[in-house]
There are 2 protein chains.
Amino acid sequence: ISEHNNEFIRTEMEELFPADITNILYELEGEEAHYLVTLLDTKLAAEIIVNLDPDDRKKFLKNFTSQQIAEYVDLLDSDDAVDILNEQPVNVREEVIALVSDREQARFIIDLLHYDEDCAGGLMQKELVKINVKQSVTECVEEIRRQAEDVENVYSVYVVDDEGTLLGRASLKKIILAKRGSKIADIFTDDIVSVKTTATGEEVADIMQKYDLDAVPVVNIQGRLLGRITIDDVVDFITEQAHEDVQAMAGISEDVEEDDSVWKLVRSRLPWLLIGMTGSFLAAKIIGVFDGEVARTPALAAFIPLIGSTGGNVGIQSSALIVQSLADKSGIDTSLTERLKKVLLVSLLNGLIAATFAFLGTLVLEHENTISLVMSLSIFSIVMLASFMGTITPLVLNQFDINPAVASGPFITTTNDLLGYGVYFLIVYMLI
Amino acid sequence: ISEHNNEFIRTEMEELFPADITNILYELEGEEAHYLVTLLDTKLAAEIIVNLDPDDRKKFLKNFTSQQIAEYVDLLDSDDAVDILNEQPVNVREEVIALVSDREQARFIIDLLHYDEDCAGGLMQKELVKINVKQSVTECVEEIRRQAEDVENVYSVYVVDDEGTLLGRASLKKIILAKRGSKIADIFTDDIVSVKTTATGEEVADIMQKYDLDAVPVVNIQGRLLGRITIDDVVDFITEQAHEDVQAMAGISEDVEEDDSVWKLVRSRLPWLLIGMTGSFLAAKIIGVFDGEVARTPALAAFIPLIGSTGGNVGIQSSALIVQSLADKSGIDTSLTERLKKVLLVSLLNGLIAATFAFLGTLVLEHENTISLVMSLSIFSIVMLASFMGTITPLVLNQFDINPAVASGPFITTTNDLLGYGVYFLIVYMLI
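Residues numbered from 1 in each chain as written. Chains lettered and ligands numbered in written order. Predicted model: local features only at pLDDT ≥ 70, side-chain atom pairs only at ≥ 80, totals over all residues. Heavy atoms only, no water.

Q: Which residues make up the sheet that holds strand β4 (residues 195-196) of chain A, and what are the values?
A: Residues and elements named next belong to chain A. Taken together, three strands build an open sheet; the order of strands is β4-β5-β6 and the sheet is mixed. Each edge of the open sheet carries a strand with a single partner, namely β4 and β6 (225-230). Direction of pairing for β4 relative to strand β5 (residues 215-219): parallel, over a ladder of two bridges. Looking at β5, one finds that Lys196 is bridged to Val219. (Pairing = 2+ DSSP bridges. Helix = DSSP H or I, 4+ residues; strand = E, 2+ residues; numbered from the N terminus.)

Take a look at the structure:
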């Protein structure tokens, strides 16, 4: 198609949604994609660029001049504009901001660049419709007309006082339905949930989910209205968060996707792979101490996998549950002692069942009472220990502000393996 | 507080958000909670009940008569009402529907009960504002006034023809800003994304995220407008989905939470725990065959953990990546051969590095060239095999409509363990 039939491409593209055109871009080579985008209406092109994956976007925008980027940035919501600029090298960033022709937009962007990307300040956009509490509904509609051109999704109008302090909100529905001549003061609701600029992304997501909000206003410490966060940005944040947790559990140490470069994929897997191997070398050292026992009773070696995998599985099960209830602070905070009491009870029952199973399994395989006894005692201790470790590790990591999901991955398996082999050979040493 | 100071409690509660009162309920005993809710305004009570966790809600509503439940159901959005009714036994459900005084609401509920809970039909609500394309903006505002009383979040008005076929939508912003006397036909946009009643929840979530929608209309096969799905319900769906994936990866076989009963927690962990143990007994059988080798060279036993954990880690890393790109169908579908080619390359590099590491580590521990050679060859083969298995298993499960995340858990670890021990002792058998 890309044989420079400009008019045809342009009209074809204008019938599609921006998100669909973005998908087409992924199928094209760099050159062709660049050509296609420059062909389109600037507003449309800007929206397509927003939809790109950050890594791809960074690469893609290398082909554009600062002037071109500034034209796109000019037309975007301030939060999206800042995301794009944050990906650029500092000199490009400065250049682009200087070239943005809408000075209000440039001011918005400079304001937002101060905030950390993952906090409420970094997620918010400056575009919103606000109205002074003293105004009338008719003035308000005028105000919407004036402000709404730049604001994409208007759900509510935010009501502020003379100092810009947030007082409440009036939904568009209420404004449409208001009687002529009524005052904003009569129709707005002061039941409003807002977040501070310093709130974390998780906190914002929790609040928006808890109260079923479509947008939440962001205020500074004095309660002055600075911006708003819309639900679509939070949905993206939530899925990203879920991705990161899964990768942490899988022992992948960078945020990668299947279509990243081979080298990046290799690099993201190596650290935990090698750490896991180091753990196993330590295990080899422990087992090596019992060389004599193993030579005399080779059956002991055959049950090493049972010890390792049971400890690993139990540890991951326990930690996944804790990670989940940490992520999901729905208000009820279980105390540490209560948590441990419950874990103790659950693992006691699981431990007894697993130990019985181990006793019978070993008996069938080896017809040897002593080995069966050793195995069931070991499995019981390991289930108890691994549950305890799996519960305590994410709680400790969480205290130190490390993503507790890391603890549900190779980390817990490696520690539990080592503990397990220690316990196993201790019991072997005592009983055989 | 609950010493029957009714007036005081009522005014206190009315100042809180429903979601906050729900949290208070969790702290109270069944009796007290029931008393508190009956005290409140019916509308407020209904919203509080919606916020409860399904399991808790089912228990909680046992204390209420069908008449009381019907009063709450009457005031709720139709999708929430149906969720509550679906949790009730059939006879209660029928009784409640018969007692709902708003006959339109009762009809909505009966309609929605037909759909499967996890598809678009089950997620949608019947409440929405629709308008005939022939009407004027002034008539439309009248229509909003009439319909909007029952509809909570109005983002857009849906535009239909005489047959009720969806033609497009007009945002409230556009309606407010429209000139007097303009026709709906002049201001509405026909660029509209809709979903069929049969679309899965995942499809709905993907579409809403891709196009950044706050609500999506649901149509039947003829394109007739039946309802809409709002973003807050989809956010809940997305988090639930993420939860399920994490639990599948952790080998927990029921949807449990930390505050479930001890017995439920035990039961949810046992299946994979025992399956994992059975796998290890098979491994013991394999290793048992090489009793003689192990007795002669006990160092071979010491490296069993290295074999097991490396295979497990690599398998989980590979499968987690595939599961993620399966979940995240952003349009680009990698072909199977391309996928495998890339996996091959990545695992080749990782395998070489891991094998070198294994060679050196073994050399340091054992000062033995043959064992080092055995270990590096085994680790290389296992990294290759485990990557392949980790890639192919979720793809196969996905083909059979099984949640591929299951493959990233104990399943892949167990299979890879067995494969690994097989490969290891085969190499031992050939070289030692």
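Q: Tell me about the packing of aromatic side chains, residues and numbers included.
A: On inspection of all chains with the given rule, the structure shows 19 aromatic pairs over all chains. Aromatic side chains Trp272 of chain B and Phe411 of chain B sit 6.4 Å apart centroid to centroid with 70° between the ring planes, which places their arrangement in the edge-to-face category. In this pair, Trp272 of chain B is assigned in helix α16 (residues 262-289) and Phe411 of chain B in helix α22 (residues 410-431), connecting sequence segments 139 residues apart. A relative accessible area of 34% means that Phe411 of chain B is categorised as partly exposed. Here the aromatic cluster, defined as three or more aromatic residues joined through ring pairs, consists of Phe290, Tyr424, Phe425 and Tyr429 of chain A. (Phe/Tyr/Trp six-rings, centres within 6.5 Å; stacked < 30°, edge-to-face > 60°. Buried < 20%, exposed > 50% of the residue type's maximum accessible area, 1.4 Å probe, protein only.)

Q: Describe in detail a nonpolar patch on the surface, supporting the description with residues and values.
A: All names here are of chain A. On the surface, a nonpolar cluster with roughly 690 Å² of combined accessible area is contributed by Leu373, Leu377, Leu426, Tyr429, Met430, Leu431 and Ile432. Sorting the residues of the nonpolar patch by element identifies α21 (369-399) and α22 (410-431) as the ones contributing at least two each. Ranked by residues supplied to the nonpolar patch, first place goes to α22 with four residues. Its place among the elements puts Ile432 in the segment after α22. Here Ile432 falls in the partly exposed class, since its relative accessible area comes to 38%. (Patch = residues over 30% accessible without salt bridge, like charges linked within 9 Å, V, L, I, M, F, W, Y side chains within 5 Å. Areas by Shrake-Rupley, 256 points an atom, 1.4 Å probe, with all protein chains shown as cover. Salt bridge = Lys/Arg side-chain N within 4 Å of Asp/Glu carboxyl O.)

Q: Which residues make up the interface of chain A and chain B, and what values go with them?
A: Taken together, the 113 residues of chain A in the interface contact 112 residues of chain B. Surface buried jointly by chain A and chain B totals about 10100 Å² across both partners, of which 67% is contributed by carbon and sulfur atoms. Of all residues in chain A, the largest losses of buried area upon contact with chain B belong to Glu258, Arg269 and Gln317 of chain A, amounting jointly to 8% of the total for that side. At the surface where chain A touches chain B, the tally comes to two salt bridges. Of the charged contacts, one joins Asp20 of chain B and Lys210 of chain A as a salt bridge, the two residues approaching to 2.9 Å between their closest N and O atoms. At 18 residues, the largest contribution of residues to the side of chain A that touches chain B is made by helix α16 (residues 262-289) of chain A. Looking at side-chain class alone, the side of chain A that touches chain B contains 64 nonpolar, 26 polar and 23 charged residues. (Contact = heavy atoms within 4.5 Å. Buried area = accessible area lost by both parts, 1.4 Å probe. Nonpolar A, V, L, I, M, F, W, Y, C, P; charged D, E, K, R; others polar.)

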